[in-house]
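Read off the chains here:
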Amino acid sequence: MEFMRQRIARDGRALDGNILLVDSFLNHQLDMDLMREIGLAFAERFQGAGITRVVTVESSGIAPAGMTALALGVPLVVFKKRASRITNGTVYQANVQSFTKNTQYEMTVSTKYLPRGERVLFIDDFLAMGEAALGAAKIIKEAGCELVGMGIVIEKAFQPGRKRLDDHGHEVYSLARIRAMSPDGIEFLHEIC
Ligand code: G4P
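The paragraphs below set out a description of the structure included in this document. Quick caveat, the model's predicted, so the values are computed rather than measured. (Residues numbered from 1 in each chain as written. Predicted model: local features only at pLDDT ≥ 70, side-chain atom pairs only at ≥ 80, totals over all residues. Heavy atoms only, no water.)

**Some thoughts on the pattern of salt bridges**
- According to the stated counting rule, one finds 14 salt bridges in the structure shown.
- A salt bridge links R177 to E155; the shortest N-O distance between them is 3.1 Å. You can see R177 sitting in strand β9 (residues 172–182) and its partner E155 sitting in strand β8 (residues 146–156), a full 22 residues away along the chain. Accessibility classification places R177 together with E155 in one group, the buried group.
- A single network of salt bridges, built from pairs that share partners, joins R7, R10, D11 and D31. (Salt bridge = Lys/Arg side-chain N within 4 Å of Asp/Glu carboxyl O. Helix = DSSP H or I, 4+ residues; strand = E, 2+ residues; numbered from the N terminus. Buried < 20%, exposed > 50% of the residue type's maximum accessible area, 1.4 Å probe, protein only.)

Written as structure tokens, this is what we have:
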């Protein structure tokens, strides 16, 4: 989407060829007008698909996913990065490796917030290796729900995540797709998908 590409071009900064800094508008200070626009864009794309829940992973996915849930009029469910004592024993979990941050965590959600039969839209801020999205897909399947689509704010198209999700047959919609980047500039893919 043009609004997202313009904002990244204006305020994003490539640290190197791999990491895009977006902390002035997406994941540290948040531009809530932009979040609303993001939510409306995802809602427009998936309107009519019978979505009954939006899910995301804490923490930076919450704002765009929340605005999407609001626009679709459905609940937002936040997958946690560790099991809390309260949900222990009645949870779905998936182990997720974060290559960008060189960490791993147990993606966790209480079974009561993902009842069988829900039609789910997954939203996240970045798609890099696809690990978080594949972990979420595994949990959604285990819960007996249908993963209708995945909405990504910024896809780093030069990393393998998109192909891995395509290979699994997931419907992915990215608002901005980065073909390549360096401290000198950011190059976008203009195909909308
Ligand atoms: P993957 O889920 O697609 O496999 O991605 P990867 O493991 O490589 O990245 C995991 C974390 O790194 C995610 O944050 C993701 O948002 C963040 N990330 C990936 N690429 C970039 C980038 O180019 N710029 C920035 N700023 N972040 C990036 P997280 O660990 O889930 O943390 P949180 O910020 O959501 O709490």
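Once the structure has been displayed, the description carries forward.
**Comments concerning the nonpolar core**
- Ranked by internal contacts, the top residues of the largest apolar core, which has 34 residues, are M4, I38, V54 and I154.
- Taken together, the elements giving at least two residues each to this core come down to α1 (2–11), α2 (32–46), α3 (62–72), β7 (119–127), β8 and β9.
- Core analysis: the next-biggest nonpolar cluster, separate from the first, contains 28 residues, V77, Y105, V109 and L165 among them. (Core = buried A, V, L, I, M, F, W, Y, C linked by side-chain atoms within 4.5 Å.)

**A closer look at the sheet that holds β8**
- Taken together, six strands build an open sheet; the order of strands is β4-β3-β7-β8-β9-β10 and the sheet is mixed. With partners counted over all chains shown, the strands left at the sheet margins are β4 (76–79) and β10 (185–189), one partner each. Geometrically, the sheet is characterised by an average inter-axis angle of 25° between neighbouring strands, direction not taken into account.
- One ladder, built from three bridges, connects strand β3 (residues 53–57) with β7; its direction is parallel. By the bridge assignment for β7, V55 is matched with F122.
- Contacts from α2 reach β7, β8 and β9, with the element oriented near 125° to β9. (Pairing = 2+ DSSP bridges. Axes fitted to C-alpha atoms, helices over the stretch in contact; angles between N-to-C directions. Contact = heavy atoms within 4.5 Å.)

**Quick word on the site of the ligand**
- By nearness alone, 22 residues border the ligand, and S59, K81, T100, G130 and K156 come closest of all.
- At 2.7 Å, a side-chain N or O of K81 approaches an oxygen atom of the ligand.
- Those elements that place two or more of their residues in the shell around the ligand are β5 (91–98), β7 and α4 (131–142).
- Of all the elements, β7 adds the most residues to the shell around the ligand, at three residues.
- Broken down by class, the residue content of the shell around the ligand amounts to eight nonpolar, eight polar and six charged. (Near = heavy atom within 4 Å. Polar contact = N/O pair within 3.5 Å; in protein donor to acceptor, adjacent residues only side chain to side chain. Nonpolar A, V, L, I, M, F, W, Y, C, P; charged D, E, K, R; others polar.)

**As for unusual backbone geometry**
- Between E58 and S59 the backbone carries a cis peptide bond, its omega angle lying at 0°.
- By the element assignment, S59 lies in the loop between β3 and α3.
- Residues other than glycine seldom take positive phi values, yet N102 does so here, at roughly 55°.
- Its place among the elements puts N102 in the loop between β5 and β6 (103–110).

**Considering α1**
- Where α1 is concerned, the buried positions are F3, M4, R5, R7 and I8.
- On the buried face of α1, the contacting elements are β2 (20–21), α2, β8, β9 and β10.

**Focus: α4**
- Here α4 contains twelve residues, and its C-alpha end-to-end distance of 17 Å stays within 8% of the 16 Å for a straight helix at 1.5 Å per residue.
- By the criterion of burial, α4 is predominantly enclosed, with nine of the twelve residues buried.
- Taken together, the buried positions of α4 are E131, A132, A133, L134, G135, A136, A137, I139 and I140.
- Just beyond α4, the residue with positive phi is G144, at close to 80°. (Expected span 1.5 Å × (residues − 1).)

**With respect to the packing of aromatic side chains**
- Under the counting rule described, the total for this entry stands at two aromatic pairs.
- Ring geometry for F42 against Y173: centres 6.2 Å apart, planes inclined by 80°, an arrangement best described as edge-to-face. One end of the pair, F42, is in helix α2; the other, Y173, is in strand β9, with 131 residues separating them in the sequence. Accessibility assignment for this pair places F42 and Y173 in one class, buried.
- Seen from their ring centres, F46 and Y173 are 6.4 Å apart, and the 80° between their planes marks the pair as edge-to-face. One end of the pair, F46, is in helix α2; the other, Y173, is in strand β9, with 127 residues separating them in the sequence.
- Relative accessible area serves as the criterion here: at 3%, F46 is assigned to the buried category.
- Ring-pair connections join several aromatic residues into one group, and the members of that group are F42, F46 and Y173.
- When the ring centre of Y173 is taken as reference, the NZ or CZ atom of R45 above it lies at 5.3 Å. (Phe/Tyr/Trp six-rings, centres within 6.5 Å; stacked < 30°, edge-to-face > 60°. Lys NZ or Arg CZ within 6 Å of the ring centre and 35° of its normal.)

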